Amino acid sequence: MVAVLVIGVVCGAGAALMVVVPMILYKYTNCCASCKKKHKDHEAQKSVAMAKPTQEFYIPSEKVPVQPGVVTVQGQTPLGSSRPDLRSQISHSRQSLVGTAASSEADRRSLTSESSIGGSFESDIGAVQPELYARTNEVLVLKEQVDTAKKKCNRGRLHVKLKYDFNTSDFVVRLIEAENLPAMDFGGTSDPYVKLSLEPDRDKRIKQSNVQRKTLNPTFNERFKFPMTFEETHTKTLRMNVFDFDKFSRHDAIGEITIPLGDIDVSREVDVWSDLEDPQARHGSLGDLLFSISYLPTAERLTIVLMKARNLKTMDISGSADPFVKVTLIQGGKRIKKKKTTVKKNTCDPVWNEAIIFNVPASALKTCCLEVMVVDYDLLGQSGKMGVVLVGGMCSGLGKTHWNDMTQSPRKPVAMWHTLQD
């Protein structure tokens, strides 16, 4: 009985295997076919994704100028487009390059000389042409020519260079040299040096060069700086006085030059040659003096207020002066009394604002006058007269007008500018 059961189970299992195994083989066969098909499709896609160059371009080993306009592609065509005319255009370009590489040296030179618009890319663009740009400096000759100046004054001439330095905010003067100076010593030579100053300038920042010994053609090569803004240079005048140094006596003035900076462009370097002038013949006038006068009848008091002066002539070797004012009361042609102001050092534009009072009876007012004299103070020698003004009822011109205005307006000060006279 047991044997029968075992035989039956084995037979059933064998029948089941005979059914299941063919089905498994069938499924496995279909799966392998599908995988092979997918693998083939994947390989095909990879071969499509890998782009190969459609054309090999010829690149010559030597640099060859390329003519613009050889390849003319109309429109904005993408690089990967398959337009039928693109292949022919590339082929034409390669033939043109090969032909150009085989051209002679003379042909390449002719192509290079063409302009960049109508010919080769190799052009002169970027080359600096100096003739198209203005010069950075200029030469300015003041006064007459050298020969004419020698015949007239024979004081020589001075060479300087002027420029405003925007980096340091300084006006820079380069004193170069002088030529044909007159002999001031017994040996037929001079010991020249130069004083430099800017006017108008109350501080009188005077610069001085070194003394050049025993020469009539000195070479200085010195730089002087004047701190100021560029706008201030338009209102300044550069004055340079040339002196002969003397150890035992007063230095002699050789000549001077004046350069109004408002007349030249100092934003770039200006080369200046200027003839030296006689320092005594510089001004047509001796300067101007401003003062007021008033009379108080009840106190019988005549008051004169010395305010300031301008453009006084230079009296010292420094190119300046030490002025003061001396006022003298004259009555009936006699000098009755005199008084003076304080001395203002190193200036040709002094400011005093000082009052001087005289006691004058009302009955004598018509016969008196005031002599107002500007004097240069000298510590060692005699003080020098710089100019004088007369004001009174017996005077003429502006002096009489000023006096009459005072008498017609008692107790009120009347101020006027007067030009100094010899």
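The structure presented is a predicted model; accordingly, all values stated were derived computationally and were not measured.

Basis of the calculations
- The numbering scheme is per chain: residues are counted from 1 as the chain's sequence reads.
- Where totals are concerned, whole chains, interfaces and linings use all residues; where local detail is concerned, this predicted model gives features only for residues with pLDDT of at least 70, and gives and counts side-chain atom pairs only at 80 or more.
- Each side-chain value is worked out from all heavy atoms of the structure, with water and hydrogens disregarded.
- Confidence of the predictor at the level of single residues is given by pLDDT, which spans 0 to 100.
- In this analysis, two residues are considered to be in contact whenever any of their non-hydrogen atoms come within 4.5 Å of each other.
- Exposed residues in this analysis have more than 50% of their type's maximum accessible area, buried residues have under 20%, and partly exposed residues fall in between, with area computed by a 1.4 Å probe over protein chains only.
- Comment: elements are numbered from the N terminus, with helices defined as DSSP H or I runs of at least four residues and strands as E runs of at least two.
- Two strands pair if DSSP finds at least two bridges between them.
- Throughout this description, the term salt bridge denotes a Lys or Arg side-chain nitrogen within 4 Å of a carboxyl oxygen of Asp or Glu.

Some thoughts on the confidence of the model for the protein chain
The predicted model of the protein chain has a mean per-residue pLDDT of 76, with 65% of residues at 70 or higher. The low-confidence segment residues 69–84, where pLDDT is below 50, has 10 contacts with residues more than four positions distant or belonging to other chains. The low-confidence segment residues 144–152, where pLDDT is below 50, has nine contacts with residues more than four positions distant or belonging to other chains.

Re the pairing of strand β3 (residues 170–179)
Counting buried residues in β3 gives seven out of 10 residues, a clear majority hidden from the surface. As defined by bridge partners, strand β2 (residues 157–165) adjoins β3 across nine bridges and the pair is classed as antiparallel. Following the sheet pairing, L162 is matched in β3 by V173. Counting the residues between successive antiparallel strands, the hairpin from β2 to β3 contains four residues, one of them, S169, with a positive phi of roughly 55°. Note: β3 against strand β6 (residues 219–227), seven bridges, orientation antiparallel. Residue pairing across strands places D170 opposite P227, the latter belonging to β6.

With respect to the pattern of salt bridges
Between side chains of opposite charge, pairing is possible as soon as their charged atoms come close. In total, this model carries six salt bridges according to the counting rule given. Among the ionic pairs, R174 bridges to E269, the shortest N-O distance being 3.7 Å. Of this pair, R174 sits in strand β3 while E269 sits in the loop between β8 (252–260) and β9 (270–275), placing them 95 residues apart in sequence. Look at R174 and you get partly exposed, because its relative accessible area is 28%. Residues E256 and R239 are paired through a salt bridge, measuring 3.5 Å at the closest nitrogen-oxygen approach. Taken together, the residues E256 in strand β8 and R239 in strand β7 (residues 237–244) connect sequence positions 17 residues apart. Note on accessibility: E256 and R239 belong to one class, buried. Residues joined by salt bridges that share partners form a network here, namely E199, R239 and E256.

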